[in-house]
Amino acid sequence: MEHIVIRSGDSGDADTLLRFFDEAVEWLVTRGSSKQWGTEPWSRVPQRVERVKGMAADPGLRIAVVDGEAAGALIVSEERDPHVPAVNERELYVRLLITSRRFAGRSVGGRLVEYALDEARRRGIDLVRVDCWAGGDGALQRYYESQGFTPTVQFTVDDWVGQVLEQRVG
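An account of the accompanying structure is given in this report.

The rules behind these values
- Residues numbered from 1 in each chain as written.
- Predicted model: local features only at pLDDT ≥ 70, side-chain atom pairs only at ≥ 80, totals over all residues.
- Heavy atoms only, no water.
- Helix = DSSP H or I, 4+ residues; strand = E, 2+ residues; numbered from the N terminus.
- Buried < 20%, exposed > 50% of the residue type's maximum accessible area, 1.4 Å probe, protein only.
- Contact = heavy atoms within 4.5 Å.
- Lys, Arg positive; Asp, Glu negative; His and termini not counted.
- Charge placed at Lys NZ, Arg CZ, Asp CG, Glu CD.
- Pairing = 2+ DSSP bridges.
- Axes fitted to C-alpha atoms, helices over the stretch in contact; angles between N-to-C directions.
- Arc of directions from axis to C-beta.
- Parallel < 35°, antiparallel > 145°, perpendicular 65-115°, else oblique.
- Left-handed = near helix turned anticlockwise from the far one by under 90°.
- Core = buried A, V, L, I, M, F, W, Y, C linked by side-chain atoms within 4.5 Å.
- Salt bridge = Lys/Arg side-chain N within 4 Å of Asp/Glu carboxyl O.

## A short note on the overall build of the protein chain
Reasoning step 1: Secondary structure summary: the protein chain contains four helices and seven strands in total.
Reasoning step 2: Mapped from its N terminus to its C terminus, the protein chain presents α and β elements in the order β-α-α-β-β-β-α-β-α-β-β.
Reasoning step 3: With the C-alpha coordinates of the protein chain rotated into their principal frame, the extents come out at 40 × 40 × 30 Å.
Reasoning step 4: In the protein chain, buried positions account for 46% of the 170 residues.
Reasoning step 5: Taking the intrachain contacts of the protein chain between residues at least 6 apart in sequence as the baseline, contacts between residues at least 24 apart amount to 62%.
Reasoning step 6: A distance of 1 Å separates the average location of the 22 positive side-chain charges in the protein chain from that of its 27 negative side-chain charges.

## Section: the sheet that holds strand β2 (residues 61-66)
Reasoning step 1: On the basis of which strands lie adjacent, the open sheet formed by seven strands has the order β1-β2-β3-β4-β5-β7-β6 and mixed pairing. The strands lining the two open edges of the sheet, one partner per strand, are β1 (5-8) and β6 (150-157). Direction aside, neighbouring strands of the sheet carry axes that sit 30° apart on average.
Reasoning step 2: Sheet contacts for helix α3 (residues 108-123): β1, β2, β3 (69-77), β4 (91-99), β5 (127-133) and β7 (160-168); angle to β4, the most-contacted strand, approximately 160°.
Reasoning step 3: Sheet contacts for helix α4 (residues 139-146): β4, β5, β6 and β7; angle to β5, the most-contacted strand, approximately 160°.

## Section: the environment of Val-66
Reasoning step 1: Within the secondary structure, Val-66 is located in strand β2.
Reasoning step 2: Overall, the relative accessible area of 1% leaves Val-66 in the buried class.
Reasoning step 3: Distance from Val-66 to Arg-106, taken between C-alpha atoms, is 9.3 Å for residues 40 residues apart in sequence.

## Brief notes about helix α2 (residues 46-56)
Reasoning step 1: Taken together, the buried positions of α2 are Val-49, Val-52, Met-55 and Ala-56. Along the axis of α2, the buried residues cluster in a sector spanning 115°; they form a single face. Every exposed residue of α2 that faces more than 90 degrees away from the buried side is listed here: Pro-46, Gln-47 and Arg-51.

## Some remarks on the packing of helix α1 (residues 14-30) against α2
Reasoning step 1: Between α1 and α2, the shortest axis-to-axis distance is 9 Å and the interhelical angle comes to 125°. Put simply, α1 runs oblique to α2. Regarding α1 and α2, the two cross each other, and that crossing is right-handed. Across from Ala-14, Leu-17, Leu-18 and Phe-21 in α1, the residues of α2 making contact are Val-49, Val-52, Lys-53, Met-55 and Ala-56.

## Re the nonpolar core
Reasoning step 1: Residues Leu-74, Val-94, Val-108 and Val-128 are the most contacted members of the largest nonpolar core, which totals 26 residues.
Reasoning step 2: Residue assignment for this core shows that the elements contributing at least two residues are β2, β3, β4, α3 and β5.
Reasoning step 3: Among the elements that take part in this core, α3 stands out by supplying seven residues, more than any other.
Reasoning step 4: For Leu-74, the contacting residues outside a window of four places in its chain are Gly-60, Leu-61, Arg-62, Val-94, Leu-96, Leu-97, Leu-112, Tyr-115 and Ala-116.

## Considering the pattern of salt bridges
Side chains bearing opposite charge may pair, as long as their charged atoms lie close to each other.
Reasoning step 1: Counted under the stated rule, the structure contains 16 salt bridges.
Reasoning step 2: Close ionic contact of Arg-122 with Glu-119 constitutes a salt bridge, the shortest N to O distance being 2.9 Å. On the criterion of helical spacing, the pair formed by Arg-122 and Glu-119 is a turn pair, its members being three residues apart in helix α3.
Reasoning step 3: The structure contains a network of salt bridges with shared partners spanning Glu-78, Arg-90, Glu-119, Arg-122 and Arg-123.

Any functional reading would require information that these geometric values do not contain.
This is the structure:
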């Protein structure tokens, strides 16, 4: 695996996150998966720009760096997103996992998942959960399954269907 450094993020990373989202939207549209995040670059939608600024200020933000360049981002929290069904135990929730398309195939996402699992162990938490879009060709869900996650429940926000996946770290 390539050497990937994980550093803490901060509000100065908002433009980096917006770039990741814009790259992802462009890529999803070319794959015919525009229902995940739409067709408009996030940097052009004021509500999404504000949302990303909030993400950048999140204390759980981590940035993956390859050769001095930001290559991906992760946000973990002990609080799940409100649209996700609760569990009756302590958990670490992956609230964001996104990588730059320029680093595709370089295990950036896998390294960020590894970081999240290690963080759960450091905190003495056995359960790590994440959610993703359940539509399209299922590639995103298969990615999380390839990282050791197991699908649990689905949920709906408006007409967007999400899949919750979990992994025990023991």
